[in-house]
Amino acid sequence: FPVTIVSETSFAFNVYPNPSNGTNLNIQWIDMKNRNEQLNLTICDATGKMIMRETIVGATAGVYNIQFNNTLTSGFYVVTLQTNDRRVEKKLIVN
């Protein structure tokens, strides 16, 4: 079924610190509809290789902290949050 890229007013997230040192990352999401749903988080490098995938069940708006087992190497990454019907991407720079 279709996935819609939505406006940032209905479903949005921030990634910080950005630029990052590659050891940890905070994801803050805002869901104006206040749904309690499954949230899929993926991080891909500049080549499109998936670095991390995590599913957060029962997600509501808030902050999620990620501690990387292996420090991310310097470069450009894409962080994606997706629900059943919404998807938003953000760029992440690692120094």
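All values derive from a computational prediction rather than experimental measurement.

J.: Outline the overall build of the chain, listing residues and values.
T.: A count of helices and strands for the chain gives 0 helices and 8 strands. When the elements of the chain are put in sequence order from the N terminus, they spell out β-β-β-β-β-β-β-β. By residue count, 37% of the 95 residues in the chain fall in the buried class. Taking the intrachain contacts of the chain between residues at least 6 apart in sequence as the baseline, contacts between residues at least 24 apart amount to 56%. Element-wise, carbon and sulfur atoms account for 50% of the exposed surface of the chain, whose accessible area totals about 5600 Å².

J.: Residues and numbers for the pattern of salt bridges, please.
T.: Applying the stated criterion to the full structure yields 1 salt bridge. In this structure, R87 engages E89 in a salt bridge whose closest nitrogen and oxygen atoms are separated by 2.6 Å.

J.: How would you sum up the pairing of strand β4 (residues 37-45)? Please name residues and give values.
T.: Among the 9 residues that make up β4, 7 are buried, leaving the element largely enclosed by the rest of the structure. In terms of strand pairing, β4 meets strand β7 (residues 75-82) through 6 bridges, oriented antiparallel. Looking across to β7, one finds that C44 is bridged to V78.

Rules of the game
- Residues numbered from 1 in each chain as written.
- Predicted model: local features only at pLDDT ≥ 70, side-chain atom pairs only at ≥ 80, totals over all residues.
- Heavy atoms only, no water.
- Helix = DSSP H or I, 4+ residues; strand = E, 2+ residues; numbered from the N terminus.
- Buried < 20%, exposed > 50% of the residue type's maximum accessible area, 1.4 Å probe, protein only.
- Contact = heavy atoms within 4.5 Å.
- Areas by Shrake-Rupley, 256 points an atom, 1.4 Å probe, with all protein chains shown as cover.
- Salt bridge = Lys/Arg side-chain N within 4 Å of Asp/Glu carboxyl O.
- Pairing = 2+ DSSP bridges.

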